[in-house]
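Observations on chain architecture
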Amino acid sequence: MFDDLPPDLDRLRTLRVWHTMWLQRIDAKIATLIRRQAEEERGRRSRPEPPEWIVELGIGDRRPPLQVHAGDCYMAGKRRRPVGRDEARRLLGTGLKACGHCRPDSALGITELSGDATLTAAAAQFAAIRHPSPENRTSACRPLLRRSLNPTLPP
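Per chain, residue numbering runs from 1 following the sequence as it is written. Reporting of local features is limited, given that this is a predicted model, to residues whose pLDDT is at least 70; pairs of side-chain atoms are given and counted only at 80 or more, and all residues count toward the totals for whole chains, interfaces and linings. The basis for every side-chain value is the complete set of heavy atoms in the structure, and neither hydrogens nor water enter the calculation.

Re the pairing of strand β1 (residues 53-57)
Note on strand geometry: in a regular strand, side chains alternate between the two faces of the sheet. Worth spelling out the cut-off: Each residue gets one of three labels from its accessible area relative to the maximum for its type: buried under 20%, exposed over 50%, partly exposed in between, using a 1.4 Å probe on protein chains only. A helix here means a DSSP run of H or I that spans at least four residues, while a strand means a run of E at least two residues long, and both kinds are numbered starting from the N terminus. Paired strands are those between which DSSP finds at least two bridges.
The buried count for β1 comes to five of five residues, which makes it a mostly enclosed element. Burial along β1 is two-sided: W53, V55 and L57 and I54 and E56, pointing in opposite directions, are all buried. Bridging between β1 and strand β2 (residues 65-70) involves five bridges; their strand directions are antiparallel. When the sheet's bridge partners are listed, V55 is paired in β2 with V68. Of the strand pairs in this sheet, β1 and strand β3 (residues 80-83) are connected by four bridges, and their pairing is antiparallel. Looking across to β3, one finds that W53 is bridged to V83.

Written out as structure tokens, the structure is:
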């Protein structure tokens, strides 16, 4: 058996006091962590649910609405207010811009709200470039292939 403890009583008592102090520190740390975990859990339970939809507001006295976002959208600014589903649909129907990241118009089942023909034409042109039809695929991909084979060519 290992007997590496000191042989005299004074040093043994000193070791006992030392280890008792360490046990008190460890017990205090354990109690602090248990308290902190209980507070975090209580905070999680009492945290209010995020709103289903929010409206980002502008700057100024009147603070006009700028965009409609989903309640958990990370792109919504600091100036905002919660709205219900019906008000979000109404605001999008009146022409308020929908967030391009969380896409509340798609989630609310509202499509083709944009009356801007140039925007729609630009979106169609972009889609044709991104996803060319089979007959145009080779001509659309040829410059990319040529540049990938010879990176010194201009774009």
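Focus: the side chain of E56
The following threshold applies: Just so you know, the count uses Lys and Arg for positive and Asp and Glu for negative, and it drops His and the chain ends. Any Lys or Arg side-chain nitrogen found within 4 Å of a carboxyl oxygen on Asp or Glu counts as a salt bridge.
Along the polypeptide, E56 turns up in strand β1. With no salt bridge to any partner, buried E56 finds its closest opposite charge in R79, at an N-O distance of 5.3 Å.

Some details on a nonpolar patch on the surface
The cut-off we apply is this: Patches in this entry comprise residues that are over 30% relatively accessible and not in a salt bridge; like charges within 9 Å are linked, as are nonpolar side chains (Val, Leu, Ile, Met, Phe, Trp, Tyr) within 5 Å. Here the accessible surface of atoms and residues is derived via Shrake-Rupley with a 1.4 Å probe, and residues count as covered only by protein chains that are part of the display.
Residues V17, W18, M21, W22, L23, I26, I30 and I34 make up a contiguous nonpolar surface patch of about 790 Å² in total accessible area. Mapped onto the secondary structure, W22 falls in helix α1 (residues 9-46).

Considerations on the sheet that holds β1
Our working rule: Should any heavy atoms of two residues lie within 4.5 Å, those residues are considered in contact. A fitted line through C-alpha atoms serves as each axis, taken over the contacting stretch for helices, and the angle formed by two N-to-C directions is quoted from 0 to 180°.
If you walk across this open sheet you meet the four strands as β3-β1-β2-β4, and the pairing is mixed. Because the sheet does not close on itself, it has two edges, and the strands there are β3 and β4 (97-98). Of the strands in this sheet, β1, β2, β3 and β4 touch helix α2 (residues 85-93), which is tilted by about 115° from β3.

Notes on the nonpolar core
One recurring pattern in soluble globular proteins: nonpolar side chains tend to sit buried together. What counts, and what does not: Residues grouped as a nonpolar core are buried Ala, Val, Leu, Ile, Met, Phe, Trp, Tyr and Cys residues, joined through side-chain atoms within 4.5 Å.
Ranked by internal contacts, the top residues of the largest apolar core, which has 13 residues, are W53, V55, V68, A88, L92 and L108. Residue assignment for this core shows that the elements contributing at least two residues are β1, β2 and α2. In contact with A88, not counting residues within four places along its chain, are W53, V68, V83 and L108.

A few points about unusual backbone geometry
Although it is not a glycine, R63 adopts a positive phi angle of roughly 45°. Residue placement: R63 occurs in the loop between β1 and β2.

A closer look at the pattern of salt bridges
Side-chain pairs of opposite charge can arise where the charged atoms are in close proximity. This structure, assessed with the given rule, holds seven salt bridges. Of the charged contacts, one joins R81 and E87 as a salt bridge, the two residues approaching to 3.2 Å between their closest N and O atoms. We classify R81 as partly exposed; its relative accessible area is 31%. We note a salt bridge from R90 to E87, for which the minimum N-O separation is 3.7 Å. Here R90 pairs with E87, and both are found in helix α2, just three residues apart, close to one helical turn. The structure contains a network of salt bridges with shared partners spanning E41, R44 and R45.

So, α2
The condition is simple: The arc in question is the one traced by the directions running from the helix axis out to the C-beta atoms.
All of the buried residues along α2 are A88, L91 and L92. Burial along α2 is one-sided: seen end-on, the buried residues are contained in an arc of 100°. Turned more than 90 degrees off the buried face of α2, the exposed positions are D86 and G93. Structurally, α2 contributes buried residues whose contacts are with β1, β2, β3, β4 and α3 (104-107). Phi turns positive, to about 105°, at G95, one or two residues after α2.

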